[in-house]
Amino acid sequence: KHKFWETQPVGQFKDLGDSSLPEGPIEQPTPLSEVKQEPYNLPTPYEWITCDMDSDEMSNEVYALLTNNYVEDDESMFRFNYSKEFLLWALRPPGYYRSWHIGVRVKSSKKLVAFITGVPAKIRVRDTVVVMAEVNFLCVHKKLRSKRLAPVMIKEVTRRVHLENIWQAAYTAGVVLPTPITTCQYWHRSLNPKKLIDVGFSRLGARMTMSRTIKLYKLPDQTATPGFRKMEPHDVPAVTRLLRNYLKLFVVAPDFDEDDVEHWLLPKENVVDSYLVESPDTHEITDFCSFYTLPSSILGNQNHSTLKAAYSYYNVSTKTPLLQLMNDALIVAKKNDFDVFNALDVMHNETFLKELKFGPGDGKLHYYLYNYRLKHVLRSSELGLVLL
Ligand code: MYA
Ligand code: JJ1
């Protein structure tokens, strides 16, 4: 069934019930001198390139490839439209390797036709912090699908990760591969229900009119929590402490230091938004919420071309009830003109989804580790990791 994935050091379906297998790396690292020194062979019309994302020309080509060929929903009504600024943010975190931004060009025309990336991350699995690659943005041009290019790209990124002496990876996909560490459900909270219905993102419920629907999803103009404000640079140490303490609760979670928090959570316009609660009396930072901006192109609608979506990122509540904190997140997202607020059922998200009128979507997201076995599949609420 999975001719490629059966050859890889990942959990296999046949081993799923077998808890005699140990938790941890599936295969041991080899000396770097034994890592293949030259790139894998591509079919002759194509060549590898390392994408210099600092170059405006290169990042424009990557943006165009993904805009036209990246992930769609099951009915091809929407396609992720990561912005250029978002891609630069996602691909250049602290300690990133340029060599992990990999493109494939047609030799004759120089056209970019495929892409895959990794970025380094420290991820804790139970008590062990493991340096990993987070692999994302795997994309093959629509006209070159089903030619087995993806396995070559995955092997090439693996080789370049190994050259940095890194032997594990984390990734997500909408498809089932051998084998998920957990499977998450997407949930959606309408902010602009009329547009969502007009473009086919959602439907009028049974016995619902448009005006009743608009009323149902109405939100206050102002946030409710005293001391709720945007995160600022001087908050990095306090947010890092809050987040590190919270992420201890989960079986798999990032091990963020202050540099990571500065990069991943400090607000960046049209990319990532973070808010916190500063206690009006003690000035303590007690709660935190964040979301990233990922629009989708609306395919073939006369009236609208993009859906502006916010995706729940990391949220921590120690004083403000999570429900109230996330309602404030919905209020600021609505104010900032988002059409929908999306979330996965990870961490403690299940405690607010239904009450805040999120509904389950038709998409699922499967999480995977490369070369690291878990004894059991996790519940999604045991996962403390959100990938972009
Ligand atoms: S997930 C987002 C993936 N991108 C898209 O969905 C965009 C639209 N689709 C496409 O561009 C293509 O359909 C892709 C496949 C490129 C996805 N992850 O070349 P093929 C396996 C892993 O003939 P194509 C993201 O970015 C498939 O099961 N494998 O197929 C995270 C089959 O293998 P097997 C996938 O459709 C990526 C083989 O590829 C995926 O032309 C993490 C078929 O190849 C998928 N999403 O191209 C990558 N889809 O026969 C893994 C299909 O065995 C990283 N396949 O079933 C692993 C860690 C590496 C680093 C390790 C370091 C130590
Ligand atoms: O966005 C998604 N689904 C939407 C649109 C469905 C359009 C028809 N297929 C959806 N809408 C219903 C919303 C409704 C609002 C009121 C309350 C009830 C719900 O369900 C889905 C997620 O649900 N998204 C996708 O399918 C995109 C792909 C997801 C997998 C991506 C994995 C790749 C990432 C790797 O890095």
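Reading the values: the criteria
- Residues numbered from 1 in each chain as written.
- Chains lettered and ligands numbered in written order.
- Predicted model: local features only at pLDDT ≥ 70, side-chain atom pairs only at ≥ 80, totals over all residues.
- Near = placed C-beta within 6 Å.
- Helix = DSSP H or I, 4+ residues; strand = E, 2+ residues; numbered from the N terminus.
- Nonpolar A, V, L, I, M, F, W, Y, C, P; charged D, E, K, R; others polar.
- Domains from an automatic or database assignment.
- Core = buried A, V, L, I, M, F, W, Y, C linked by C-beta atoms within 7 Å.
- Buried ≥ 20, exposed ≤ 12 C-beta atoms within 10 Å, placed from the backbone.
- Contact = placed C-beta atoms within 7 Å.
- Pairing = 2+ DSSP bridges.

Visitor: Explanation requested: the site of ligand 2 in the structure shown.
Guide: If you check the shell around ligand 2, you find 20 residues, and the closest are Gly-174, Tyr-186, Gly-359, Gly-361 and Gly-363. Those elements that provide at least two residues to the shell around ligand 2 are β6 (168-173), β7 (182-190) and β17 (359-370). At five residues, β17 tops the list of elements feeding residues into the shell around ligand 2. Broken down by class, the residue content of the shell around ligand 2 amounts to seven nonpolar, nine polar and four charged. Looking at which domains feed residues into the shell around ligand 2, each of domain 1 (5-172) and domain 2 (183-382) gives three or more.

Visitor: Quick question: what am I supposed to make of the site of ligand 1 here?
Guide: Taken together, the neighbourhood of ligand 1 is formed by 34 residues, with His-2, Phe-4, Leu-138, Ala-150 and Ala-169 sitting nearest. For the shell around ligand 1, the elements supplying multiple residues, two or more each, are β5 (128-140), α3 (149-162) and β6. In the shell around ligand 1, the residues fall into 23 nonpolar, seven polar and four charged.

Visitor: Would you mind going over the nonpolar core with me for this structure?
Guide: Buried together is how nonpolar side chains tend to be arranged in soluble globular proteins. In terms of nonpolar packing, the biggest core is built from 97 residues, with Met-153 and Val-239 touching the most fellow members. Looking at this core, the element that brings in the most residues is strand β4 (residues 112-125), giving nine residues. In terms of domain composition, this core takes at least three residues from each of domain 1 (5-172) and domain 2 (183-382). Setting aside its immediate chain neighbours within four residues, Met-153 contacts Ile-102, Val-104, Ala-114, Ile-116 and Leu-138.

Visitor: What am I meant to see in unusual backbone geometry here?
Guide: Negative phi values dominate among residues other than glycine, just as trans dominates among peptide bonds. With a phi close to 60°, Phe-137 is a non-glycine residue in the positive phi region. Residue placement: Phe-137 occurs in strand β5. Positive phi outside glycine occurs at Lys-357, with the angle close to 70°. Mapped onto the secondary structure, Lys-357 falls in the loop between α9 (350-353) and β17. Note on Lys-357: 16 C-beta atoms within 10 Å, which makes it partly exposed.

Visitor: Is there a simple way to explain the domain arrangement of the protein chain in this structure?
Guide: How large an interface is tends to be reported as the accessible area lost when its parts come together. Per the domain assignment, the segments making up the protein chain are domain 1 (5-172) and domain 2 (183-382). Its C-alpha centre places domain 1 at a distance of 26 Å from the equivalent point of domain 2. Taken together, the contact between domain 1 and domain 2 spans 40 residues of the former and 36 residues of the latter. Within the side of domain 1 that touches domain 2, the residues separate by chemical class into 22 nonpolar, nine polar and nine charged.

Visitor: Can you walk me through the sheet that holds strand β13 (residues 306-307) in this structure?
Guide: Hydrogen bonds along the backbone pair up the strands of a sheet, which may run parallel or antiparallel. Within the open sheet, the three strands sit side by side as β2-β12-β13. Their pairing is antiparallel. Single-partner strands in this sheet number two, and they are β2 (78-80) and β13.

Visitor: Sorry, what's going on with the pairing of strand β16 (residues 340-344) here?
Guide: A regular strand places its side chains so that they alternate between the two faces of the sheet. Among the five residues in β16, four count as buried, and that is most of the element. In terms of strand pairing, β7 meets β16 through five bridges, oriented antiparallel. In the sheet register, Trp-187 faces β16, and the bridge partner there is Ala-343. Of the pairings in the sheet, the one linking strand β14 (residues 309-312) to β16 comprises three bridges and is parallel in character. Bridge pairing links Tyr-311 to Asn-342 in β16.

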